[in-house]
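Now for the letters of each chain:
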Amino acid sequence: MTHENPHRSGFACLVGRPNVGKSTLTNALVGEKVAIMSARPQTTRHTIRGIVQREDAQMVLVDTPGLHRPRTLLGERLNTLVLDTLSEVDVVAFCLPADQKIGPGDRYIANQLAPLMEGRRSAVPVVAVVTKADLVGRGQLAEHLLAVDQLARSIDRDWSAIVPVSAKGGYQVEELTEVLVAHLPEGPDLYPGGELTDEPEETMIAELVREAALEGIRDELPHSLAVVVEEIVPREGTGQDQGTDGAAGIAPLLDVRVNLFVERESQKGIIIGRGGSRLREVGSQAREGIEKLLGARIYLDLHVKVAKDWQRDPKQLQRMGF
């Protein structure tokens, strides 16, 4: 018996220069907040996966750090992470924002993608996604679409499709989902139904703290900030007398201890703020998201530490999970 529409499942990866709207698009496709969003470049450090669940398909989105010309050991590791990820996915979505002209960074990425797009058996289809389409007029959008088409010709390849979207307004998000799903192989769900991400809790917590810490901060900090969750432990004396269904008794209180690492003493002051005011703000903002994530009350214990030049030090990078 043949089905007209076979069930598809597989991996789609979003790439693009830092800060082109990849995380916002991930969240729009999944329909919930999975990847952290910030107006700072270089926000996503891990390959955060969101899962698009449909009756006829399951698409696992891999949201990578922005590809860029590396200047530090961290930059090199992030680029390697992106290229390793790309070789293992079924389709790539290359994000090119409508409100910015195509520049050297986009050409650099197109050149990195070119080898993936050829090869008889293992060619990876690349869909050009023109993000932030709501920020420009129709004329400018049409011009940008032509420029995106030219970019493919410059590397002697063809995009599988060019799709303009606006993640914020939801414009063509469904259409993009259709285009990406069409490139997935036939197969059953890869993850149990209902899951939206397979990121470990510690990673999600670190990202929530990092997002709160980057909110409204000066430009020099993002690259220099790393967040490590030290421990998550139930506070003694809370959560006892619970029935098997967990309904009765006192809700457990979790102690969540997190270290924020910066590279210089001066940056420490920026994060902590006058009299600790900034750090308290970071704590209350992050706590809300973490409680939602863990489904429990938490006490968030934040410490800011200096790890001198950690981005260039292999030992420290390893300790921070890179």
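A brief report on the enclosed structure follows.

Cut-offs used in this document
Residues numbered from 1 in each chain as written. Predicted model: local features only at pLDDT ≥ 70, side-chain atom pairs only at ≥ 80, totals over all residues. Heavy atoms only, no water. Helix = DSSP H or I, 4+ residues; strand = E, 2+ residues; numbered from the N terminus. Buried < 20%, exposed > 50% of the residue type's maximum accessible area, 1.4 Å probe, protein only. Pairing = 2+ DSSP bridges. Expected span 1.5 Å × (residues − 1). Arc of directions from axis to C-beta. Contact = heavy atoms within 4.5 Å. Core = buried A, V, L, I, M, F, W, Y, C linked by side-chain atoms within 4.5 Å. Axes fitted to C-alpha atoms, helices over the stretch in contact; angles between N-to-C directions. Left-handed = near helix turned anticlockwise from the far one by under 90°. Nonpolar A, V, L, I, M, F, W, Y, C, P; charged D, E, K, R; others polar.

### Structural notes on the environment of D309
For step 1, the next point in the chain: Tracing the chain through its elements places D309 in the loop between β9 (297-306) and α9 (314-319).
For step 2, the next point in the chain: The exposure class of D309 is partly exposed, given its relative accessible area of 38%.
For step 3, the next point in the chain: As for D309 and E263, which are separated by 46 residues in sequence, their C-alpha atoms are 5.2 Å apart.

### A short note on the pairing of strand β8 (residues 253-262)
For step 1, the next point in the chain: Counted residue by residue, β8 has nine buried out of ten residues, so it is predominantly covered.
For step 2, the next point in the chain: Note: strand β7 (residues 226-234) against β8, eight bridges, orientation antiparallel. Along β8, the bridge assignment pairs V229 with V258.
For step 3, the next point in the chain: The sheet contact formed by β8 and β9 spans ten bridges and is parallel. Its bridge partner lying in β9, V258 is registered against L302.

### With respect to helix α4 (residues 138-154)
Along an α-helix, a turn takes 3.6 residues, which lines up residues three or four apart on a common side.
For step 1, the next point in the chain: Its 17 residues give α4 an end-to-end C-alpha distance of 24 Å, which sits within 8% of 24 Å, the value for a rise of 1.5 Å per residue.
For step 2, the next point in the chain: Among the residues of α4, those classed as buried are L141, H144, V148, L151 and A152. Burial along α4 is one-sided: seen end-on, the buried residues are contained in an arc of 95°. Exposed side chains of α4 directed beyond 90 degrees from the buried face belong to E143, L146 and S154.
For step 3, the next point in the chain: Elements in contact with the buried residues of α4: β4 (91-95), α3 (104-113), β5 (126-130) and β6 (161-164).
For step 4, the next point in the chain: Count one or two residues on from α4 and you reach D156, which has phi positive near 60°.

### Some words on the environment of Y108
For step 1, the next point in the chain: Of note, Y108 is situated in helix α3.
For step 2, the next point in the chain: Considered as a pair, Y108 and R17 are 91 residues apart in the sequence and their alpha carbons are 9.3 Å apart.

### Quick word on the nonpolar core
For step 1, the next point in the chain: Membership of the largest hydrophobic core comes to 29 residues, with the highest contact counts inside it found for V15, V92, F94, L113 and W159.
For step 2, the next point in the chain: Mapped by element, the contributors of at least two residues to this core are β1 (8-15), β4, α3, β5 and α4.
For step 3, the next point in the chain: Counting residues in hydrophobic clusters, the runner-up holds 26 residues, among them V229, V258, A286 and L294.

### Quick word on the packing of helix α6 (residues 201-214) against helix α8 (residues 277-294)
For step 1, the next point in the chain: α8 packs onto α6 with a crossing angle of 145° between their chain directions and a minimal axis gap of 8 Å. As α6 packs across α8, the resulting crossing turns out to be right-handed. Counted together, E201, M204, I205, L208, V209, A212 and A213 of α6 and R278, V282, Q285, A286, G289, I290, L293 and L294 of α8 form the full contact between these two elements.
For step 2, the next point in the chain: Grouping the constituent residues of the contact of α6 with α8 by class yields eleven nonpolar, two polar and two charged.

### Side note on the environment of S166
For step 1, the next point in the chain: Of note, S166 is situated in the loop between β6 and α5 (173-182).
For step 2, the next point in the chain: Given a relative accessible area of 2%, S166 falls into the buried group.
For step 3, the next point in the chain: Considering only alpha carbons, one finds S166 and A28, 138 residues apart in sequence, at a separation of 9.2 Å.
For step 4, the next point in the chain: Leaving out residues up to four positions away in the same chain, S166 has contacts with A133, D134, Y171 and V173.

Honestly, it's all geometry; don't read function into it.
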